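# Reading the structure
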Amino acid sequence: MFVGRKKELAELTADSKKSGIPVVVLYGREGVGKTTLAREFARERNCVYYLGRELSKEEQKRYFQEVLEQVAELVNKAVRAALSATATEAAKAAKAAEKICFIVDEFDVMEKAYKDFFAELDAYVSESAWEDRVMLLLISSSTQWVENQMVDDMGTFAARVVQVMKLKEFTFLEMVNRFPGSTTEECITIYSILGGVPGYLDLWNPSETVKENIIRLMLLPGGPLRKEAARFLKTSLRELPFYNTILSVLAEDEPKLNYLYNRTGFSRAKISVYIKNLIQIDVAEKYFSFEPKKKEYVMKGLYGISDRFLHFWYKFIFPNSSALECEAAEQFYENYIENKLYEFVEQTYISVCKEFLVLMGQYGKLPGTFDQPESFYGKEGVIPIVLTGKDGKLLVAQCKWSAEPMTGTDFEDLLKRTEQLGQEADYYYLFSKEGFRSELSVVASGMDNIELIDLESL
């Protein structure tokens, strides 16, 4: 089922209308939906598709020549049709016609053994009749190569690229559309386990329980995601033992650099290199706190796992790998996942609340115009969400993912932590999975700067 990606489809359509032979590079991690997006874009167009494979130069050239001939045949048909039409008809047809879409998937692998690939393609395109008739859509799963080496490897061909588009995971709002029969709580839980990678979400069966899905996908010997973490990391990284160490420590959710240093025994320089590589492939992130007036309260040097699937894996499964081999899958789930999963989902709930506030801002439903949501990491407590208004006013939010409703004491705790900012907040948004105690509802009803938002309002 194709959902979302409206913005990306619109950008590809706009690129296809550019004069000449527009070249678009579409890249992103495996499973994020690049090929699916390309096929949806090409669905109502003349399209030629080629999947790059690791072959010798001679074999690669032979296979690629065959698809070039397919493109040439489509171009020749367009040329013949234009020549046989009247001048007026030709002008109208040229204006209305969609360019032929030539898709080269995993194009980066072709350059490995075929070092002249881009130079020869540049020469071929220059001598072809592709002008205003063909667009090239080049797809790659190698984020590091695209961001660090592609332009150099392309040489003069790089000048033809009109856009480099990085396809990211689904946001929560996009992901929800894939599970129309699931509750908001169920969707947040799925999102916390698999993230927004379409290739993973396709494996989830909404008619099964969370327990049944986790067992089937990750815990059974033949589960499709049982070996996915190691496989995915090996596609981009070397020295997997060191990255396993870093990720397993990060999954303990003690984000300070000093904790990493003390737990791993690695030098700070070594940790910095590994973290940088993990950040580049969107697996880890460095947390930047909201900067308040009282800057001395801010915690700095914070790191965590940004990839939700890997966070789940290294939090629950990787540390207990020995037990996974010895215990039945159901027993493993009950011993190592069941009682800790609920708390784990809270971080995803916070990100969902941030998305909600951004959406409300876009629809003019917030009490002003605000910058992007941030989090405040204070030495005396964290504030999950802080927004700064263009007028300097502050909006702070608390997010409670608990089996108990939010209470007046929870709100007082937020007020106490807000003191670290050095100024009072002007607006308070309180998110709670199980709603609110009556005393808090009464307080909020008498004030115009407090908003109570339950789970079903998201």
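Anyway, here's the lowdown on the structure attached to this text. (Residues numbered from 1 in each chain as written. Predicted model: local features only at pLDDT ≥ 70, side-chain atom pairs only at ≥ 80, totals over all residues. Heavy atoms only, no water.)

### Comments concerning helix 6 (residues 117-127)
Those residues of helix 6 that sit buried are Phe117, Phe118, Leu121, Asp122 and Val125. Along the axis of helix 6, the buried positions cluster into a sector of 125°, meaning they face one direction only. Turned more than 90 degrees from where helix 6 packs its buried face, Ala119, Ser126 and Glu127 sit exposed. For helix 6, the elements touching its buried residues are helix 3 (57-84), helix 5 (110-113), strand 4 (134-140), helix 7 (143-148) and helix 8 (150-154). (Buried < 20%, exposed > 50% of the residue type's maximum accessible area, 1.4 Å probe, protein only. Helix = DSSP H or I, 4+ residues; strand = E, 2+ residues; numbered from the N terminus. Arc of directions from axis to C-beta. Contact = heavy atoms within 4.5 Å.)

### Quick notes on the pairing of strand 10 (residues 394-400)
Of all seven residues making up strand 10, seven are buried, and the element is well covered by its neighbours. Of the strand pairs in this sheet, strand 9 (residues 381-388) and strand 10 are connected by four bridges, and their pairing is antiparallel. Within the sheet, the bridge partner assigned to Thr388 lies in strand 10 and is Leu394. In this antiparallel pair of consecutive strands, strand 9 and strand 10, the connection spans five residues, and Gly392 shows a positive phi of 90°. Two strands pair when backbone bridges link them, and strand 10 and strand 11 (residues 427-432) are joined in this way by six bridges, in the parallel orientation. When the bridges of strand 11 are listed, Ala397 appears paired with Tyr429. For the crossover from strand 10 across helix 22 (residues 408-418) to strand 11, the handedness is right-handed. (Pairing = 2+ DSSP bridges. Right-handed = clockwise from strand over helix to strand, strands pointing away.)

### Here's the deal with the sheet that holds strand 12 (residues 450-454)
Reading across the sheet, the five strands line up as 8-9-10-11-12 and stay open at both edges, with mixed pairing between neighbours. Edge positions in the sheet fall to strand 8 (374-378) and strand 12, since each of these pairs with one other strand and no more. Taking the axes of each pair of neighbouring strands and ignoring which way they run, one obtains an average angle of 30° across the sheet. In terms of strand pairing, strand 11 meets strand 12 through five bridges, oriented parallel. (Axes fitted to C-alpha atoms, helices over the stretch in contact; angles between N-to-C directions.)

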